[in-house]
Amino acid sequence: MLEAIETLPLATLLRGSGTAYLLVNATHILGLALLIGSILPLDLRLAGAFPRTPLPVIAPLLRGTALLGLTLATLTGLALFTTNPTEYATNPAFRIKLALFAAALLNATLVTRGQAWAQVLSGASSPPALRLMAMLSALLWLGVLLAGRWIGFL
């Protein structure tokens, strides 16, 4: 199956065109910047930092920006994966990145689907469980970022 992915037209285009690869890679970095640049301030605020900044004002904006970044990073990450799927699939850092990514997505889903999130959006302060989940979120997303950078060194 991985060999079939390598033969996809997108994979061939990215391997054959430095410009196409550059644009997809740059868009991947932009997606990561939007994601991490949005999720970290939101997580910090949910954890109790910046208490004068109202969560009902910033949470929807930061969540929306993080979702845009997540979408860009995921789509371009999948495209970049097609260029050498066999090597990526056996890279320990890539596997760690995927595991952390899955855990971060699960955590984000639990946070935004929970009652505490709705309460925070209504102006309530973050309960202790939500604060812990926010700190975990920050660590997970930073782990995804670090593992992604680590891929090229293994």
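Everything here concerns the structure above.
Residues numbered from 1 in each chain as written. Predicted model: local features only at pLDDT ≥ 70, side-chain atom pairs only at ≥ 80, totals over all residues. Heavy atoms only, no water.

A short note on the overall build of the protein
The helix and strand inventory of the protein stands at 8 helices and 0 strands. Moving toward the C terminus, one meets the helices and strands of the protein in the order α-α-α-α-α-α-α-α. Along the three orthogonal principal directions, the C-alpha set of the protein runs to about 55 × 25 × 25 Å. Taking all 154 residues of the protein together, the buried fraction comes to 32%. Here the analysis covers contacts within the protein between residues at least 6 apart in sequence; of these, 78% occur between residues at least 24 apart. (Helix = DSSP H or I, 4+ residues; strand = E, 2+ residues; numbered from the N terminus. Buried < 20%, exposed > 50% of the residue type's maximum accessible area, 1.4 Å probe, protein only. Contact = heavy atoms within 4.5 Å.)

Considering the nonpolar core
Grouped together as the largest cluster of nonpolar side chains are 20 residues, with contacts concentrated most on L35, L42, L46, L55, W117 and W141. Listed by contribution, the elements that provide at least two residues to this core are α3 (18-46), α4 (55-81), α6 (92-113), α7 (115-121) and α8 (128-150). In terms of residues, this core owes the most to one element, α4, which gives 6 residues. When residues no more than four places from it in sequence are discounted, the contact partners of L35 are A66, G69, L70 and W141. (Core = buried A, V, L, I, M, F, W, Y, C linked by side-chain atoms within 4.5 Å.)

Observations regarding α6
With 22 residues, α6 should cover 32 Å at 1.5 Å per step; its first-to-last C-alpha distance of 32 Å lies within 8% of that length. Within α6 the residues assigned to the buried category are A93, F94, K97, A104, N107 and V111. The buried residues of α6 occupy an angular sector of 145° when projected down its axis, which confines them to one face. Exposed side of α6, more than 90 degrees from the buried face: R95, L106, L110 and R113 are the residues found there. Sitting at the head of α6, N91 places a side-chain oxygen 2.8 Å from the backbone nitrogen of A93. (Expected span 1.5 Å × (residues − 1). Arc of directions from axis to C-beta. Polar contact = N/O pair within 3.5 Å; in protein donor to acceptor, adjacent residues only side chain to side chain.)

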